[in-house]
Amino acid sequence: RARVLSGIQPTSDSFHLGNYLGAVKQWVALQDDFDDAFYFIPDMHAITVPTDPAALRDRTRRSVAQLLALGVDPAKSTIYVQSHVPEIAQLTWVLSCITGFGEASRMTQFKDKAARQGTEGAAVGLFTYPILMAADILAFQVDSVPVGEDQRQHLELTRDLANRFNTRFGETFTVPDAYIVKEFAKIYDLQNPTAKMSKSADSDAGLINLLDEPKRSAKKIRSAVTDSDSVVAFDRENKPGVSNLLTIQSALTGRSIDELVASYEGKQYGHLKVETAEVLSDFVTPLRGKVDELLADTDHLDAILAAGAHKARAIAATTLSDVYDKVGFLAPA
Ligand code: TYM
């Protein structure tokens, strides 16, 4: 059976536009194309940096509500919380024993995140984070993993570990492919349009949170950094800000970049900004309502998660018992 899987961290009250356009939008489309879809909230990844327990619990439910509101359908997809599937943590240990220290040290996201905290103070869990991510994927024998560009290196490590294990112990894991949609794989910060949009940027002026007041986001879009030229054209090198706005509008409307560029002939950047803000507002306004409705019924959310964990555990347990057997663990009597 062809399987797709991905995860999004519950590290904020709202997903941002990069999370949606780079990842979740593809999840929604792919749940129809694959036999099985697994979408989960990696709460264990979230605690690799200091995290408030009450906020984590709240954000985990909020993340599930956002996935549902964005179109992830529990009738088509298995939706679960990572910590509800303990087999993932068990598999992580085995994988960590075939991961090289040097190999893990080369992960650029670790280096960036650790540098922000001062490397000495960074948790060992932040260092082994990519191995947990490999276990997330390999436990489910997944073919395709839809992510943004920033996860590419972690997917490469996952593939290396799968191949290494298969070579050493015999065919065990499906080797997954990253599914990265080039046009939308990196949505940029509105104030700093050569850096990716991220909740950990120094300022949040360039960050669009889906659940923010649409007026607030409109203001951020109107203040987006562009360039001193005035022709609306798509040119990542010389017009990164304008290109980012065109990308966002194209992704939210389904209109092609060329079509949008043609529609702005003879118009100013102001037009592009105002219309991009309108398109965003049209998208997030109903979304905010749906998320509120879903959050009002925690029993419903928890039931979806319980069913998801049940299904996910059955599959992960099958992989884990094969792995335990292959590495030579004595089966408990
Ligand atoms: P996370 O939670 O940081 O981000 C969730 C998804 O959003 C994508 N993304 C972006 N895409 C385009 N432009 C941006 N500016 C942008 N910012 C974020 C990310 O690439 C990601 O796809 N380690 C993962 C979560 C994870 C996971 C997994 C993913 C844990 N286990 C297993 C896939 C499979 C992460 O921190 O994503």
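Being a predicted model, the structure only gives us computed values, none of them experimental.

Cut-off values and rules
Residues numbered from 1 in each chain as written. Predicted model: local features only at pLDDT ≥ 70, side-chain atom pairs only at ≥ 80, totals over all residues. Heavy atoms only, no water. Helix = DSSP H or I, 4+ residues; strand = E, 2+ residues; numbered from the N terminus. Rg over C-alpha atoms; globule rule 2.2 N^0.38 Å. Buried < 20%, exposed > 50% of the residue type's maximum accessible area, 1.4 Å probe, protein only. Contact = heavy atoms within 4.5 Å. Areas by Shrake-Rupley, 256 points an atom, 1.4 Å probe, with all protein chains shown as cover. Lys, Arg positive; Asp, Glu negative; His and termini not counted. Charge placed at Lys NZ, Arg CZ, Asp CG, Glu CD. Phe/Tyr/Trp six-rings, centres within 6.5 Å; stacked < 30°, edge-to-face > 60°. Near = heavy atom within 4 Å. Polar contact = N/O pair within 3.5 Å; in protein donor to acceptor, adjacent residues only side chain to side chain. Nonpolar A, V, L, I, M, F, W, Y, C, P; charged D, E, K, R; others polar. Axes fitted to C-alpha atoms, helices over the stretch in contact; angles between N-to-C directions. Parallel < 35°, antiparallel > 145°, perpendicular 65-115°, else oblique. Left-handed = near helix turned anticlockwise from the far one by under 90°. Core = buried A, V, L, I, M, F, W, Y, C linked by side-chain atoms within 4.5 Å. Arc of directions from axis to C-beta.

Peer 1: I'd like to hear about the overall build of the protein chain, residue by residue, with values.
Peer 2: On a plain count of helices and strands, the protein chain comes out with 13 helices and 5 strands. Since a compact globule built from 333 residues should have a radius of gyration of about 20 Å, the 21 Å found for the protein chain is in line with a globular shape. Sorting the 333 residues of the protein chain into buried and exposed places 49% on the buried side. Within the protein chain, counting contacts between residues at least 6 apart in sequence, those at least 24 apart form 76% of the total. Of the roughly 15,400 Å² that the protein chain leaves accessible, carbon and sulfur atoms contribute 51%. Separation between the mean location of the 35 positive side-chain charges and that of the 44 negative ones in the protein chain comes to 2 Å.

Peer 1: Talk me through the packing of aromatic side chains; I want residue IDs and the actual numbers.
Peer 2: Per the stated rule, a full pass over the model turns up 10 aromatic pairs. Ring centres of Y324 and F329 lie 4.9 Å apart, and the angle between their planes is 75°; this geometry places the pair in the edge-to-face category. Through successive ring pairs, a cluster of aromatic residues spans F38, F40, Y80 and F140.

Peer 1: Go over the site of the ligand with me, naming the residues and quoting the values.
Peer 2: Lining the immediate environment of the ligand, one finds 28 residues, of which Q9, Y129, D136, D150 and I187 sit closest. Between the ligand and I187 there is a distance of 2.9 Å, counted from a nitrogen atom to a backbone nitrogen or oxygen. For the ligand, the accessible surface in isolation is 720 Å², of which the surrounding protein chains cover 97%. For the shell around the ligand, the secondary-structure elements that each account for two or more residues are β1 (3–7), α1 (17–30) and α7 (124–138). Of the residues assigned to the shell around the ligand, the class counts are 14 nonpolar, 10 polar and 4 charged.

Peer 1: Help me get a handle on the packing of helix α3 (residues 53–70) against helix α12 (residues 269–295), residues and values and all.
Peer 2: For the pair α3 and α12, interaxial distance at closest approach is 9 Å and the crossing angle is 130°. Taken together, the axes of α3 and α12 are oblique relative to one another. Once α3 is placed against α12, the crossing between them reads as right-handed. Contacts from R61, R62, A65, Q66, L68, A69 and L70 in α3 reach F283, L287, K290, V291, L294 and L295 in α12. Tallied by class, the residues present in the contact of α3 with α12 amount to 9 nonpolar, 1 polar and 3 charged.

Peer 1: Mind laying out the nonpolar core, listing which residues take part and the relevant values?
Peer 2: Counting 56 residues, the largest nonpolar core has L17, L21, W27, L67, L190 and L210 as its most contacted members. Per-element accounting of this core gives the leading share, 9 residues, to α12. With near-sequence residues (within four places) excluded, L190 lies in contact with M197, G206, I208, K220, I221, A224, V225, N244, L245 and I248. One finds F38, F40, V94 and V142 within the second-largest nonpolar core, a separate group that totals 43 residues.

Peer 1: I'd like a rundown of the environment of A218, residues and numbers included.
Peer 2: Mapped onto the elements of the fold, A218 is located in helix α9 (residues 214–222). Residue class for A218 comes out buried when judged on its relative accessible area of 13%. Placed 56 residues apart in sequence, A218 and V274 show a C-alpha to C-alpha distance of 7.7 Å.

Peer 1: Just give me the short version of the side chain of K220, but keep the residues and values in it.
Peer 2: On the secondary structure map, K220 appears in helix α9. Relative accessible area serves as the criterion here: at 9%, K220 is assigned to the buried category. In this view, K220 contacts L190, D204, A205, L207, I208 and D212; residues no more than four positions away in its chain are not counted.

Peer 1: An account of the environment of P332 is needed here, citing residue identities and associated values.
Peer 2: Tracing the backbone shows P332 in the segment after α13 (298–327). It is 30 Å that separates the C-alpha atoms of P332 and T78, two residues lying 254 residues apart in sequence.

Peer 1: Account for the environment of E87, naming residues and giving values.
Peer 2: Within the secondary structure, E87 sits in helix α4 (residues 86–96). The exposure class of E87 is buried, given its relative accessible area of 8%. Expressed as a C-alpha distance, the spacing of E87 and K215, which sit 128 residues apart in the sequence, is 44 Å. A polar contact of 2.9 Å, which involves the side chain of E87, links it to the side chain of R313.

Peer 1: If you had to explain α9 to someone new, which residues and values would you point to?
Peer 2: Helical geometry note: an α-helix holds 3.6 residues per turn, so side chains three or four residues apart project in the same direction. Taken as a whole, α9 has its buried residues at P214, S217, A218, K220 and I221. Angularly, the buried residues of α9 cover 160° about the axis, an arc narrow enough to put them on a single face. In α9, those exposed residues whose orientation departs by more than 90 degrees from the buried face are K215 and K219. If you follow the buried residues of α9, they end up packed against α10 (240–253) and α12.

Peer 1: I'd like a description of unusual backbone geometry, backed by residues and values.
Peer 2: A positive phi angle is found at Q141, which is not glycine, with a value near 50°. Relative accessible area serves as the criterion here: at 18%, Q141 is assigned to the buried category.

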